[in-house]
Amino acid sequence: MSLVPSWELRAEFARALSAMYGTEVPAYNDLLEVATEVNGDVLGRDGADAERLGDAGRVAAERHGAIRVGTPREMRRVATIFAGFGMTPVGFYDLREAATSAVPVVSTAFRPVAPEELALNPFRVFTSLLVIDDPRFFAPEITAELSRFLDDRELFGEELLELAVLAQDGGGLPRAQADRYVRLATAAFELSGDPVDHEWYRTLDEISSVAADIGGVTSTHINHLTPRVLDIDELYRRMEARGITMIDEIQGPPRWAGPDVLLRQTSFRALAEPRKFRAADGSVFTGSLRLRFGEVEARGVALTPAGRDLYDRMIAKVDARLADRPGRTRQEVAAEVWSADLPASEDELALRDLAYFTFTVAAEPPSTGRPGTDLAQLVRDGWVTPQPIVYEDFLPRSAAGIFQSNLTSEGHKDTSRDGSDRSPEWLSEILGRPVADPYDLYAAQRQASLDRVARQLGLSAPITLTKDSR
Ligand code: OOG
Ligand code: NI
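Just so it is clear, the structure is predicted and the values come from calculations on it, not from any experiment. (Residues numbered from 1 in each chain as written. Chains lettered and ligands numbered in written order. Predicted model: local features only at pLDDT ≥ 70, side-chain atom pairs only at ≥ 80, totals over all residues. Heavy atoms only, no water.)

Asker: Give a description of the overall build of the chain that names residues and reports values.
Answerer: Each helix and strand counted, the chain has 19 helices and twelve strands in total. Here the chain has a C-alpha radius of gyration of 23 Å; the compact-globule value for 470 residues is 23 Å, and the two agree. Principal-axis analysis of the C-alpha atoms gives the chain an extent of 85 × 65 × 45 Å. The burial tally for the chain puts 53% of its 470 residues in the buried class. Taking the intrachain contacts of the chain between residues at least 6 apart in sequence as the baseline, contacts between residues at least 24 apart amount to 75%. (Helix = DSSP H or I, 4+ residues; strand = E, 2+ residues; numbered from the N terminus. Rg over C-alpha atoms; globule rule 2.2 N^0.38 Å. Buried < 20%, exposed > 50% of the residue type's maximum accessible area, 1.4 Å probe, protein only. Contact = heavy atoms within 4.5 Å.)

Asker: Lay out the coordination of the nickel ion (ligand 2) in plain terms, naming residues and giving numbers.
Answerer: Ideal geometry at a metal gives 109.5 degrees between four tetrahedral donors and either 90 or 180 degrees between six octahedral ones. Around the nickel ion (ligand 2), the donor atoms from the protein are His 64 (NE2), His 224 (NE2) and Glu 295 (OE), and they sit 2.1 Å away. Positions of the donor residues of the nickel ion (ligand 2) along the chain correspond to the pattern H-x159-H-x70-E. Separated by 160 residues along the polypeptide, His 64 in strand 2 (residues 63–69) and His 224 in strand 8 (residues 224–227) bring together distant segments of the chain. Each member of the pair, His 64 together with His 224, is buried. (Donors = N, O, S within 2.8 Å, 3.2 Å for Na, K, Ca; no water.)

Asker: I'd like a description of the nonpolar core, backed by residues and values.
Answerer: By size, the foremost hydrophobic cluster in this structure holds 61 residues, and its most contacted members are Phe 82, Phe 85, Tyr 181, Phe 189 and Leu 235. Ranked by the residues each element gives to this core, the list is headed by helix 2 (residues 27–46), at eight residues. Setting aside chain neighbours within four positions, we find Leu 235 in contact with Leu 31, Val 34, Ala 35, Val 38, Val 229, Met 246 and Val 296. Formed by 42 residues, the second largest nonpolar core is a distinct cluster that contains Val 261, Val 384, Leu 457 and Leu 459. (Core = buried A, V, L, I, M, F, W, Y, C linked by side-chain atoms within 4.5 Å.)

Asker: Let's hear about the environment of Ile 81: which residues, and what values?
Answerer: Counting through the fold element by element, Ile 81 comes out in helix 4 (residues 72–83). Owing to a relative accessible area of 0%, Ile 81 belongs among the buried residues under this scheme. With residues up to four places along the chain from it excluded, the contact list for Ile 81 reads Phe 156, Leu 160, Leu 161, Ala 164, Tyr 181 and Ala 185.

Asker: Can you tell me about the site of ligand 1, naming the residues and giving the values?
Answerer: In the vicinity of ligand 1, the contacting residues are His 64, Ala 66, Arg 68, Phe 126, Asn 223, His 224, Gln 265, Glu 295, Phe 394, Ala 399, Ile 402 and Phe 403. One of the side-chain nitrogen or oxygen atoms of His 64 is found 3.1 Å away from an oxygen atom of ligand 1. Take His 224: an N or O atom from its side chain is 2.9 Å from an oxygen atom of ligand 1. For ligand 1, the protein covers 100% of the area, taking 320 Å² as the surface of the free molecule. Residue composition of the shell around ligand 1, grouped by class: six nonpolar, four polar and two charged. (Near = heavy atom within 4 Å. Polar contact = N/O pair within 3.5 Å; in protein donor to acceptor, adjacent residues only side chain to side chain. Areas by Shrake-Rupley, 256 points an atom, 1.4 Å probe, with all protein chains shown as cover. Nonpolar A, V, L, I, M, F, W, Y, C, P; charged D, E, K, R; others polar.)

Asker: Could you give an account of the sheet that holds strand 2, naming the residues involved and the relevant values?
Answerer: Reading across the sheet, the eight strands line up as 3-4-5-2-8-10-9-7 and stay open at both edges, with mixed pairing between neighbours. Of all the strands in the sheet, the pair left with one neighbour each is strand 3 (88–94) and strand 7 (196–197). Relative to strand 4 (residues 105–111), strand 3 is paired through five bridges, and the arrangement is antiparallel. Within strand 4, the position partnered with Thr 88 by the bridge is Arg 111. (Pairing = 2+ DSSP bridges.)

Asker: An account of the environment of Leu 289 is requested, with residue identities and associated values reported.
Answerer: As for its placement among the helices and strands, Leu 289 is situated in strand 10 (residues 284–299). Spatially, the C-alpha atom of Leu 289 lies 38 Å from that of Val 4, the residues being 285 residues apart in sequence. When sequence neighbours within four positions are dropped, the list of residues in contact with Leu 289 reads Tyr 201, Leu 271, Ala 272, Glu 273, Arg 275 and Phe 277.

Asker: Please provide a residue-by-residue account of the packing of helix 2 against helix 12 (residues 232–241), values included.
Answerer: Helix 12 packs onto helix 2 with a crossing angle of 135° between their chain directions and a minimal axis gap of 10 Å. Between helix 2 and helix 12, the interaxial angle falls into the category oblique. The two elements helix 2 and helix 12 cross, and the hand of that crossing is right-handed. Residues Asp 30, Leu 31, Val 34, Ala 35, Glu 37, Val 38 and Asp 41 of helix 2 form the contact with helix 12, whose own contacting residues are Glu 234, Leu 235, Arg 238 and Met 239. The class makeup of the residues in the contact of helix 2 with helix 12 is six nonpolar, no polar and five charged. (Axes fitted to C-alpha atoms, helices over the stretch in contact; angles between N-to-C directions. Parallel < 35°, antiparallel > 145°, perpendicular 65-115°, else oblique. Left-handed = near helix turned anticlockwise from the far one by under 90°.)

Asker: Help me get a handle on the side chain of Arg 299, residues and values and all.
Answerer: Position of Arg 299 relative to the elements: it lies in strand 10. A residue is classified by how much of its surface remains accessible, and Arg 299, at 4% relative accessible area, is buried. Side-chain polar atoms of Arg 299 contact the backbone oxygen of Tyr 391, separated by 2.8 Å. If we ignore the near neighbours within four places in the chain, the residues touching Arg 299 are Leu 53, Glu 62, His 64, Arg 124, Arg 228, Leu 262, Leu 263, Val 390, Tyr 391, Glu 392, Asp 393 and Phe 394.

Asker: Could you give an account of the pairing of strand 8, naming the residues involved and the relevant values?
Answerer: Residues His 224 and Thr 226 of strand 8 are buried on one face, and the alternating residues Leu 225 and Pro 227, pointing to the opposite face, are buried as well. The pairing of strand 2 with strand 8 spans four bridges and is antiparallel. Across the sheet, the residue bridging to Arg 63 is Pro 227, located in strand 8.

Asker: Help me get a handle on unusual backbone geometry, residues and values and all.
Answerer: A positive phi angle is found at Leu 262, which is not glycine, with a value near 55°. Within the secondary structure, Leu 262 is located in the loop between helix 12 and strand 9 (263–278). By relative accessible area, Leu 262 is classed as buried at 0%.

Asker: Which residues make up helix 13 (residues 305–324), and what are the values?
Answerer: In this model helix 13 runs 29 Å from its N-terminal to its C-terminal C-alpha over 20 residues, within 8% of the 28 Å that 1.5 Å per residue would give. Those residues of helix 13 that fall on the buried side of the exposure criterion are Gly 307, Arg 308, Leu 310, Tyr 311, Met 314, Ile 315, Val 318 and Leu 322. Down the axis of helix 13, the sector holding all buried residues measures 155°, keeping them to one side. Summarising the geometry of helix 13, the exposed residues directed more than 90 degrees from the buried face are Arg 313, Ala 323 and Asp 324. Elements that come into contact with the buried residues of helix 13 comprise helix 14 (330–341), helix 17 (396–405) and helix 19 (438–456). (Expected span 1.5 Å × (residues − 1). Arc of directions from axis to C-beta.)

Asker: So what about the domain arrangement of the chain? Which residues, and what values?
Answerer: As far as domains go, the chain holds domain 1 (4–227 + 408–431), domain 2 (303–343) and domain 3 (356–389 + 437–470). Measuring from the centre of the C-alpha atoms in domain 2 to the corresponding centre in domain 3 gives 30 Å. (Domains from an automatic or database assignment.)

Given below as structure tokens:
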């Protein structure tokens, strides 16, 4: 019997979530419409160049989602569900540190890791886990109450988990089971109509809106779904022209003349959605919650640790200049800093080991001479050509910004206390599978391409990546 392969399950899951979110948050459909228009325009204008960081088909289907859960057990079950779709944990984000207001979560992203799988469908879900015992946010009695409340709920049914395990073990599922798996997984992230305990929700909301969203309700839900766009500045303008209010600015790197790096994101504000509440006297009434929004992103080349260091220094510089001379926009100041500090060509990013590239033998290599093994020399002499590796992950500062831009209150964070200890190792342990380091994945992809080139050119030694500091 033929199986629906995991990439197709993943694509169907992303499509089903997207359709569901469109009915739940109609402005998301506007966002999709505008993103599709902008992508069409950019492809028409720039042709093949527009597809250097993913072909048109991949980009059109590309989404990331965000979900939030409350306990290690729930997190482990999420990992099982996503594993059936070929999505595994990558990266560790401690938003307790990255955010200035109360965002008591640590997070990872479940996503495909093999380049071929990413090309087929790169669906990823940013998944956050509430740290209920962090004393900077929660008093002991709240921690105990949260623990009781969360232990009482069951987010995912047994059938869904069993199908996920079958899908993972078999690398896919027969058609009928595939449909069932996608349907159950999608339904698990639908907004619930169950009444929310008003008093409990309010208590948590005072401490942290994120804590209330996670631990104040009996189910989980997609918090947002994000399409990818090829020109985010143009998208921002067109959304505002449609009368949809966007957050104040685009997060992440600025628009500038050089290569796009990492990730730029923006969103429209969360809209009030009707929700049922149960009052202390047991009566049920309809109120509203402002939680879910639409986000959009543009992706650039992945940075190496050295490139990321430079990026962080540039951000610090932007912060300092803004503090010195307020009144200018962050994007303006950042564009200035970028132009001064970041190499303006892909080749230079590659040769200074600031960004990740794969390398191929040039279509027309030199007709004389012999290739050496020094990468910079090989590129300069025209033996090999770099292609950018797209950044597949997230940025803690932007993620914190996304959380914060939609909080109803700042909440409380007692910075005089030490937080409870969480680490990638801890997360790997509770997930029962390793949390991959994004840098390792990008570096392995680059190395595989260098090994291939060395073989094709018949080199006697491996290619060396000397840092070219011109
Ligand atoms: C997740 C926020 C992080 C992003 O794009 O950085 C995120 C959340 O709001 O749950 O999705
Ligand atoms: Ni997001």
